[in-house]
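Coordinates in review
Below are the chains, spelled out letter by letter.
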Amino acid sequence: MAVRVQEADFDPGAELEALAAGNTEIGAVVSFTGLVRGSGGVETMTLEHYPGMTEKALEAIEAEAHERWALQASAIIHRIGPMIPGERIVFVATASRHRGVAFEAAEFLMDYLKTRAPFWKKEVAADGTAKWVDARESDDGAAARWAR
Amino acid sequence: MAVRVQEADFDPGAELEALAAGNTEIGAVVSFTGLVRGSGGVETMTLEHYPGMTEKALEAIEAEAHERWALQASAIIHRIGPMIPGERIVFVATASRHRGVAFEAAEFLMDYLKTRAPFWKKEVAADGTAKWVDARESDDGAAARWAR
Amino acid sequence: MRVLYFAWLRERIGVGSEEVSPPDGVATVADLVAWLKTREPRYAAAFEDTAAIRVALDQEQAEFDDPLTGVREVALFPPVTGG
Amino acid sequence: MRVLYFAWLRERIGVGSEEVSPPDGVATVADLVAWLKTREPRYAAAFEDTAAIRVALDQEQAEFDDPLTGVREVALFPPVTGG
């Protein structure tokens, strides 16, 4: 288990390599990488967060995934600060014996991260217009399917 | 769209990088990496395939995923020949605007690959015992959920 | 008690955090927000639609009717949009 | 007509591929397998449980009752286990 909140970019290949290293019980590794989209004329995207709570929230989400599924390993990385279209924002990865578990747990991590981790996106367009991104109802719906 | 069948290992990080390069419509990239598990005393795993049909089958599976989902890009890599526990066997990746589509399409690719692409696994244990891996009913079940 | 504001709530109120001493009778998050709204027009404007506001108490997700007893840090913010 | 065998079917039959000239009356995949079984004991043994055998005609997934008309390459193999 590992959670990181950082301004710097990260290397998905190195993260995937580290996740599975030395554990030959792992048969399946799933990763999700979120990128800044350039649609709507977005020039920069800034990620604000709640220092202190962010790490706790991500650790709680990760711990819940390990309670629900037989995971061999997992990782969550979320960047903060300014980014441009094409840049990586977020990365989650899960490792398990079989693929069904790895896929489900990775979706769960993203759905919960999207609705429970204190991050806020602000987009600035080429003309200087700034706009806080609205929460998507579809994200609430995606998170609700894991309720129990 | 890209399909490769090869003896050589591959670099998931480089594949992910190439998948999303230059397309800022992509907001979500999902990858699956399958590894050789060492459970049951497996010392080597050999992948046999049907040259000629393999590539066609993988291309058909990938084309069907693009028909069903709005994908910006995808990749399938499958290794053949002998491998040891911990080595990468297979890689699929999908890229789309939103994460739901990328996750679903990646699961679809794996479920169809597992049941429709002509590969066969043979395990050799430390004591020299060789055994062809049996098809798993759960793989048929996973593939069946995409029927339409 | 320290109160933190994030995203557009922080921008509208003009500060990211402040120490406040609410009067007796402010027992829940809802009470606190109602009291903040009485302080200055910018608070009233920022909290106009409380349905759009989420809260954390001592860095744990919470609800508007949760009590403030023993709480040292209250964070108020719009729905999260990371990932 | 070329017939290909894979995995344990290849091992049991002892060859990976061969040219065969089935007699008139061999119209479907099922007919072909039935005819192969009459050739030698190793074929009869390999095809003992045809429920465990899959087929591709000219490199496309097919069924046992599909006709062989115009087919140049028949592949017989156990259920696939890649991925």
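Per-chain numbering applies: the sequence of each chain, read as written, is numbered from 1 onward. The lettering of chains begins at A and the numbering of ligands begins at 1, in the order of writing. Thresholds applied to this predicted model are a pLDDT of at least 70 for local features of residues and 80 or more for the giving and counting of side-chain atom pairs; totals over whole chains, interfaces and linings are not thresholded and use all residues. Side-chain metrics in this entry use all non-hydrogen atoms of the structure; hydrogen atoms and water are not considered.

Here's the deal with the environment of D:I53
Residue and element names in this part refer to chain D. Formally: Here a strand is any run of E in DSSP of at least two residues, a helix any run of H or I of at least four, and the numbering for each starts at the N terminus. Only protein chains enter the accessibility calculation, which uses a 1.4 Å probe; a residue whose area is less than 20% of its type maximum is buried, one above 50% is exposed, and one in between is partly exposed. Residue contacts are defined here by distance: any two heavy atoms, one from each residue, within 4.5 Å place the two residues in contact.
Among the structural elements, I53 can be located in the loop between α3 (41–46) and β3 (54–57). Exposure remark for I53: the relative accessible area of 3% places this residue in the buried category. Considering only alpha carbons, one finds I53 and R2, 51 residues apart in sequence, at a separation of 17 Å. In contact with I53, other than residues within four places in its own chain, are W8, L9, A46, F47, F64, L76 and F77.

A short note on the interface of chain A and chain B
Threshold: Summed over both partners, the accessible area (1.4 Å probe) lost when two parts come together is defined as the buried area. Note on definitions: salt bridges are taken to be side-chain nitrogens of Lys or Arg within 4 Å of carboxyl oxygens of Asp or Glu. Any N or O atom pair separated by 3.5 Å or less is treated as a polar contact, with the protein-specific requirement of one donor-capable and one acceptor-capable atom, and with residues adjacent in sequence counted only for side-chain atom pairs.
Tallying the contact residues gives 36 residues for chain A and 36 residues for chain B. Both faces combined, the contact of chain A with chain B buries some 2,900 Å², and carbon together with sulfur accounts for 53% of it. Considering only the surface of chain A that becomes buried against chain B, A:R37, A:R99 and A:F103 emerge as the three largest contributors, covering 26% of it. If you look at where chain A meets chain B, you find six salt bridges. Salt-bridge contacts for A:R88 lead to B:E17; the nearest nitrogen and oxygen are separated by 3.3 Å. Here chain A and chain B share 13 residue pairs in polar contact (both at pLDDT 80 or more) between them. For the side of chain A that touches chain B, the elements supplying multiple residues, two or more each, are α1 (12–20), β2 (28–35), α3 (99–116) and α4 (137–144) of chain A. Ranked by residue count, the leading element in the side of chain A that touches chain B is β2(A), at eight residues.

Observations concerning the packing of aromatic side chains
Basically, it comes down to this: Note on ring pairs: Phe, Tyr and Trp rings are taken, using the six-membered ring of Trp, and paired if centres are within 6.5 Å. Classes follow the plane angle, with under 30 degrees stacked, over 60 edge-to-face and the rest tilted. To sit over a ring, a charge needs its Lys NZ or Arg CZ within 6 Å of the ring centre and within 35 degrees of the ring normal.
The full count for this structure, using the stated rule, is 24 aromatic pairs over all chains. Plain terms: the ring middles of A:F10 and A:F91 are 5.7 Å apart, the flat faces sit at 50 degrees to each other, and that makes the pair tilted. Placement of the pair is A:F10 in the loop between β1 (3–6) and α1 and A:F91 in strand β6 (residues 88–96), with a sequence separation of 81 residues. No difference in accessibility class separates A:F10 from A:F91, as the two residues are buried. Three or more aromatic residues joined by ring pairs make a cluster, and in this case those are A:Y50, A:W120, C:F6 and C:F77. Over the aromatic face of A:F10 sits the side chain of A:R88, whose NZ or CZ is 5.8 Å from the ring centroid.

Considering the side chain of A:T33
Counting through the fold element by element, A:T33 comes out in strand β2. Given a relative accessible area of 5%, A:T33 falls into the buried group. Setting aside anything within four residues of it in sequence, one finds A:T33 in contact with A:R88, A:V90, A:F91, B:G27, B:A28 and B:V29.

Considering the interface of chain A and chain C
Chain A puts 26 residues into the contact, and the matching count from chain C is 20 residues. For the pair chain A and chain C, the summed buried area comes to about 1,800 Å², and 56% of that belongs to carbon and sulfur atoms. Broken down residue by residue, the surface that chain A buries against chain C is led by A:Y50, A:W120 and A:W132, which jointly contribute 36%. Summed over the shared surface of chain A and chain C, the number is 13 residue pairs in polar contact (both at pLDDT 80 or more). Where the side of chain A that touches chain C is concerned, the elements lending two or more residues are β3 (42–49), α2 (53–68), β6, α3 and β7 (119–125) of chain A.

Brief notes about the sheet that holds β3(D)
All names here are of chain D. What counts is decided by this rule: When DSSP finds at least two bridges between two strands, those strands are taken to pair. Whenever a helix is involved, its axis is fitted only over the stretch in contact; in every case the axis is a line through C-alpha atoms, and angles between N-to-C directions fall within 0 to 180 degrees.
Taken in spatial order, the five strands line up as β2-β1-β5-β3-β4 in an open sheet, and their pairing is mixed. At either end of the open sheet lies a strand with only one pairing partner, and these are β2 (17–19) and β4 (60–62). Each strand of the sheet is rotated relative to its neighbour by a mean of 25 degrees, with strand direction disregarded. Of the strand pairs in this sheet, strand β1 (residues 2–5) and strand β5 (residues 73–77) are connected by four bridges, and their pairing is parallel. Bridge pairing in β5 links V3 to V74. Those strands touched by helix α2 (residues 29–39) are β1, β2, β3 and β5, and its axis lies near 70 degrees from that of β5.

Comments concerning helix α2 (residues 53–68) of chain B
All names here are of chain B. Put simply, the test is: The span you would expect from a helix comes to 1.5 Å times its residue count less one. By construction, the arc corresponds to the directions joining the helix axis to the C-beta atoms.
In this model, α2 (16 residues) spans 23 Å end to end at C-alpha, consistent with the 22 Å of a helix rising 1.5 Å per residue. All of the buried residues in α2 are M53, T54, A57, L58, I61, E62, A65 and R68. The buried residues of α2 occupy an angular sector of 165 degrees when projected down its axis, which confines them to one face.

Quick notes on the relation of the copies chain A and chain B
Definition in use: When the copies are superposed, the least-squares fit takes in the C-alpha atoms of residues with a pLDDT of at least 70 in both.
In the superposition of chain A on chain B (RMSD 0.0 Å, axial shift 0.0 Å), the rotation amounts to 180 degrees. Taken together, the rotation and translation describe the operation of a two-fold axis. No C-alpha of chain A lies nearer the rotation axis than that of A:G13, which sits 1.7 Å from it. The residues that chain A uses at the interface reappear at the interface of chain B in 100% of cases, marking a shared surface.

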